Amino acid sequence: MSTKINVSLIQFNPASLQAVDNGLRMCEYAEAEAKQGANLIVFPELSNTGYIEPLVAGQPIADGTLHPSQFARKLHEAAATLDCLLIESLREIAESHRMHIVAGLALRDATQRGVLYNSSVLIGPDGLLGVYHKIHLWHCEKLYFTPGRRLDVFDTSLGTLGMQVCYDIRFPEVTRILSLKGATIVTSVWAAPFPVDKVLPDSDIFRHRAYTRAME
């Protein structure tokens, strides 16, 4: 018997490097969407820290007070660990409502000091089910993050789930490998760091890429 999946896609603008405030907002959104019947909630890329700066190499940090090295230090401080309060809080929500959460997070390596990943985590009613580290780092992400090396799938009550992050979706082989490993659901979390007063050249670009990977 197949399980009906009610997916909630959360779109919000996390405050830069404000992990505590962003985490509280994530929990509020998750609780509200779960009460509306969602059994899979998906949060954007780097939801806990906001997107990285500078967007273009050589440019200053937006607030004008931080050097990139200082931003890197603060990013590391704001990043999550697998045993952090945010993940535990999301786990409690998932357990309470018997549902699943996929969240894009800046994540510290558990054993290597200073190593950060641009990650997607899968949380279910029974706890943390899976972690994926972004393999294809875009542009200035390479200044801060270490690329992942694994493409795994994870069994859930909704189906077998694989994860990718943003730029990964441009590479057909990522989705193909997940499919060959049995994924029936592939989540792709994104950040779109564009100024609020500017319009995307193609507002459907994300939808087009998702459709293409799904058809392939």
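Please read these numbers as outputs of a predicted model, since none were measured by experiment.

**Student:** With reference to specific residues and values, describe the state of the cysteines.
**Tutor:** Taken as a whole and assessed by the stated rule, the structure comprises zero disulfides. The thiol of Cys84 is unpaired, and the distance to the nearest cysteine sulfur, on Cys27, comes to 9.6 Å.

**Student:** How would you summarise the packing of aromatic side chains if you had to cite specific residues and measurements?
**Tutor:** Remark: the centre distance and the inter-plane angle together describe each pair of aromatic rings, the angle taken between the planes. Taken as a whole and judged by the stated rule, the model has five aromatic pairs. Between Trp190 and Phe206, the aromatic rings sit 4.5 Å apart at their centres with planes inclined by 55 degrees, giving tilted as the arrangement. On the criterion of sequence distance, the pair formed by Trp190 in the loop between strand 8 (185-189) and helix 5 (205-215) and Phe206 in helix 5 is long-range, its members being 16 residues apart. Under the relative-accessibility criterion, Phe206 is labelled partly exposed at 26%. Each residue in the set Phe12, Tyr29 and Phe43 is aromatic and connected to the rest through ring pairs, giving one cluster.

**Student:** Explain the sheet that holds strand 4 (residues 116-124) to me, using residue names and the numbers behind them.
**Tutor:** What the five strands build is an open sheet, ordered 1-2-3-4-5; its pairing is mixed. The strands lining the two open edges of the sheet, one partner per strand, are strand 1 (7-9) and strand 5 (127-133). Adjacent strand axes in the sheet meet at a mean angle of 25 degrees, parallel and antiparallel pairs treated alike.

**Student:** How would you summarise the sheet that holds strand 7 (residues 159-165) if you had to cite specific residues and measurements?
**Tutor:** Reading across from one edge, 6-7-8 is the order of the three strands in this open sheet, with mixed pairing throughout. Two strands close off the open sheet at either side, each with one partner strand: strand 6 (153-156) and strand 8. Strand-to-strand twist in this sheet, taken as the mean axis angle between neighbours without regard to direction, amounts to 30 degrees. As paired elements, strand 7 and strand 8 share five bridges and run parallel to each other. Residue pairing for strand 8: Gln164 is matched across the bridge by Ser188.

**Student:** Account for the packing of helix 1 (residues 19-35) against helix 3 (residues 85-97), with residues named and values stated.
**Tutor:** Relative to each other, helix 1 and helix 3 sit at 5 degrees, their axes nearing to 10 Å. By the criterion of interaxial angle, the relationship of helix 1 to helix 3 is roughly parallel. Of the residues in helix 3, those in contact with Gly23, Met26, Cys27, Ala30, Glu31, Ala34 and Lys35 of helix 1 are Leu86, Ser89, Leu90, Ile93 and His97. Residues that form the contact of helix 1 with helix 3 fall into these classes: seven nonpolar, three polar and two charged.

**Student:** Tell me about a nonpolar patch on the surface, and please be specific about residues and values.
**Tutor:** On the surface, Ile5, Val7 and Leu9 cluster together into a nonpolar patch covering about 280 Å² of accessible area. Examined against the element boundaries, Leu9 turns out to sit in strand 1. On the basis of relative accessible area, Leu9 is assigned to the exposed category, the value being 68%.

**Student:** Tell me about the pattern of salt bridges, residues and numbers included.
**Tutor:** For the structure on display, the rule yields eight salt bridges. Residue Arg91 is joined to Glu88 by a salt bridge in which the shortest nitrogen-to-oxygen separation is 2.8 Å. With Arg91 and Glu88 both in helix 3, this residue pair falls three residues apart, about one helical turn. Take Glu88: its relative accessible area is 32%, and that puts it in the partly exposed class. In this structure, the salt-bridge partner of Glu95 is Arg91, at a minimum N-O distance of 2.9 Å. Taken together, the residues span about one helical turn, with Glu95 and Arg91 both in helix 3 at a distance of four residues. Since its relative accessible area comes to 37%, Glu95 is described here as partly exposed. Among the charged side chains, a network of salt bridges with common partners joins Glu45, Lys134 and Glu141.

Analysis parameters
Residues numbered from 1 in each chain as written. Predicted model: local features only at pLDDT ≥ 70, side-chain atom pairs only at ≥ 80, totals over all residues. Heavy atoms only, no water. Disulfide = S-S within 2.5 Å. Phe/Tyr/Trp six-rings, centres within 6.5 Å; stacked < 30°, edge-to-face > 60°. Helix = DSSP H or I, 4+ residues; strand = E, 2+ residues; numbered from the N terminus. Buried < 20%, exposed > 50% of the residue type's maximum accessible area, 1.4 Å probe, protein only. Pairing = 2+ DSSP bridges. Axes fitted to C-alpha atoms, helices over the stretch in contact; angles between N-to-C directions. Parallel < 35°, antiparallel > 145°, perpendicular 65-115°, else oblique. Contact = heavy atoms within 4.5 Å. Nonpolar A, V, L, I, M, F, W, Y, C, P; charged D, E, K, R; others polar. Patch = residues over 30% accessible without salt bridge, like charges linked within 9 Å, V, L, I, M, F, W, Y side chains within 5 Å. Areas by Shrake-Rupley, 256 points an atom, 1.4 Å probe, with all protein chains shown as cover. Salt bridge = Lys/Arg side-chain N within 4 Å of Asp/Glu carboxyl O.

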